[in-house]
Amino acid sequence: MPEPVLNPAIRVDGVSLTFGGATPVHALDDVSLRVEPGQFVSLVGPSGCGKSTLLKLLAGLVLPDAGSASIEGIPVAGRPGSAAFMPQRDLLLPWRRTIANAALGAELAGVSREQARSEARSLLPSFGLEGFERAWPAQLSGGMRQRLALLRTFLVPRDVMLLDEPFGALDAITRREMQQWLQAVWTEHQRSVLLVTHDVDEALVLSDVVFVMSPRPGRIVHRVDVPFARPRSVADTTTAEFASLKSELLDALEAAGRPVRRVEVSERTTRPA
Ligand SMILES: Nc1ncnc2c1ncn2[C@@H]1O[C@H](COP(=O)(O)OP(=O)(O)OP(=O)(O)O)[C@@H](O)[C@H]1O
Ligand SMILES: [Mg+2]
């Protein structure tokens, strides 16, 4: 019997979006991408190019002017909550303890409070939060807060996760530890992930596929398929293959951001041959 054809976990087709207002901002321009079930895909691009906007669109929080997007085959427009979404700021509620913050997303998605808290409790050790069940967010380190925000996202009963710079605020060493840890958690739970990051090394360590976006209006300008076996470690980042893919990504980012050099063209045309 032929294998059943699975819908892509995420599908974005020709999406364009301009924020209205006194000065309209053209944020996304004809963006298309796919994330297959179980894939880990990253999106890298310069600040302000529309990465968070694309994730918000997939989370059903903003609508495109053109094009369409779907999660597991179902259009997201006007349907928030088809994917678990970790926004760029961790948004922990300061008046909720660790366990209550962790369970919040699942509760909002319809899981009973008791079940959400019991699942959260059982995952505290693998998220490095054992013993902190009753701590307030203010009593947690930056890394712990981000692991708690990730735990909250993990507990939302959805197969697709949208992670917006989950390690943005961390120092390099903690960031590396968190990448290793996220890789292990992802391997164990096998979700489909779209991760936004500024960090090309992070994208290469974690992803099956990396998409590069241009400066605003954001377009997908390059795709890299990452061939390294898993689990990947820091040692992999020192190989020649890693260096070569990294420079390919950096070149794509640089080329996308380079202004069109009209001056050079006019110089050439006015200069004597
Ligand atoms: N609600 C909004 N109204 C108007 N403009 C917005 C809104 N949200 C975002 N923008 C603008 O859209 C553009 C893209 O923003 P977005 O947050 O998606 O960028 P980003 O790629 O996530 O940047 P960063 O890497 O700094 O997080 C920016 O110019 C931003 O100012
Ligand atoms: Mg952003």
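Look up: the structure comes first, before these words.
One structure accompanies this document, and this report is about it. (Residues numbered from 1 in each chain as written. Chains lettered and ligands numbered in written order. Predicted model: local features only at pLDDT ≥ 70, side-chain atom pairs only at ≥ 80, totals over all residues.)

### Here we look at the overall build of the protein chain
In step 1: For the protein chain, the count of helices and strands is eight helices and 10 strands.
In step 2: Its C-alpha atoms give the protein chain a radius of gyration of 20 Å, near enough to 19 Å, the size a compact globule of 273 residues would have.
In step 3: Its C-alpha atoms put the protein chain at 80 × 55 × 45 Å along the principal axes.
In step 4: Counting all 273 residues of the protein chain, 37% fall into the buried class.
In step 5: The contacts in the protein chain between residues at least 6 apart in sequence include a share of 69% that link residues at least 24 apart. (Helix = DSSP H or I, 4+ residues; strand = E, 2+ residues; numbered from the N terminus. Rg over C-alpha atoms; globule rule 2.2 N^0.38 Å. Buried ≥ 20, exposed ≤ 12 C-beta atoms within 10 Å, placed from the backbone. Contact = placed C-beta atoms within 7 Å.)

### So, the nonpolar core
Buried together is how nonpolar side chains tend to be arranged in soluble globular proteins.
In step 1: With 69 residues, the main nonpolar core has L58, A83, L151, L155, L162, V210 and L249 as its most contacted residues.
In step 2: In terms of residues, this core owes the most to one element, helix α4 (residues 142-155), which gives six residues.
In step 3: Discounting chain neighbours no more than four positions away, the residues touching L155 are A102, A103, G105, A106, A116, E119 and A120. (Core = buried A, V, L, I, M, F, W, Y, C linked by C-beta atoms within 7 Å.)

### A few points about the site of ligand 1
In step 1: Not every one of the 14 residues close to ligand 1 is listed here, only the nearest: F19, S47, K51, S52 and T53.
In step 2: Elements with a contribution of two residues or more to the shell around ligand 1: β2 (25-35) and α1 (51-58). (Near = placed C-beta within 6 Å.)

### Regarding the sheet that holds strand β10 (residues 220-225)
In step 1: If you trace the six strands from one edge of the open sheet to the other, you get β6-β7-β8-β3-β9-β10, paired in mixed fashion. The strands lining the two open edges of the sheet, one partner per strand, are β6 (84-86) and β10. On average, each strand axis in the sheet is inclined to that of its neighbour by 15°, with strand direction left out of account.
In step 2: Here α1 sits on the sheet in contact with β3 (40-44), β6, β7 (160-164), β8 (192-197) and β9 (209-213), set at roughly 150° to β7.
In step 3: Contacting β6 and β7, α4 crosses the sheet at an angle of about 165° to β6. (Pairing = 2+ DSSP bridges. Axes fitted to C-alpha atoms, helices over the stretch in contact; angles between N-to-C directions.)

### Structural notes on the sheet that holds β2
In step 1: The strand order across the open sheet built from four strands is β2-β1-β4-β5, with neighbouring strands paired in antiparallel fashion. Among the strands making up the open sheet, the edge pair consists of β2 and β5 (74-75).

### Some thoughts on α1
In step 1: With respect to burial, α1 is a largely interior element, seven of its eight residues being buried.
In step 2: What α1 keeps buried is the set K51, T53, L54, L55, K56, L57 and L58.
In step 3: Taken from the residues just after α1, G60 is the one with a positive phi, measuring 80°.

### Re the packing of helix α2 (residues 98-108) against α4
In step 1: Running from amino to carboxyl end, α2 crosses α4 at an angle of 35°, the nearest separation of the two axes being 6 Å. The way α2 lies across α4 gives a crossing that is right-handed. Along the contact surface, α2 presents T98, N101, A102, A103, L104, G105 and A106, while α4 presents L148, L151, R152, T153 and L155.
In step 2: Each residue belonging to the contact of α2 with α4 can be placed in one class, and the counts come to seven nonpolar, four polar and one charged. (Left-handed = near helix turned anticlockwise from the far one by under 90°. Nonpolar A, V, L, I, M, F, W, Y, C, P; charged D, E, K, R; others polar.)

### Focus on the environment of V234
In step 1: Tracing the sequence through the fold places V234 in the loop between β10 and α7 (240-257).
In step 2: Taking the C-alpha atoms as reference points, V234 and D201, 33 residues apart in sequence, are found 9.9 Å from one another.

### Details of the packing of helix α3 (residues 113-123) against α4
For any two helices packed against each other, the geometry comes down to the angle between their axes and how far apart the axes lie.
In step 1: At a minimum axis distance of 11 Å, the contact between α3 and α4 shows a crossing angle of 130°. Relative to α4, the element α3 is oriented oblique. In this structure, α3 meets α4 at a crossing whose hand is right-handed. Along its contact with α3, which presents A116, E119, A120 and L123, the element α4 presents L151, F154 and L155.
In step 2: The residue makeup of the contact of α3 with α4, split by class, is six nonpolar, no polar and one charged. (Parallel < 35°, antiparallel > 145°, perpendicular 65-115°, else oblique.)

### Comments concerning the pairing of strand β1 (residues 10-19)
In step 1: Bridge analysis of β1 against β2 gives seven bridges, and the strand direction is antiparallel. The partner of V15 across the bridge, within β2, is V31.
In step 2: Sheet topology places β1 next to strand β4 (residues 66-71); five bridges connect them, and they run antiparallel. When the bridges of β4 are listed, I10 appears paired with I71.

This is a description of form; function is not addressed.
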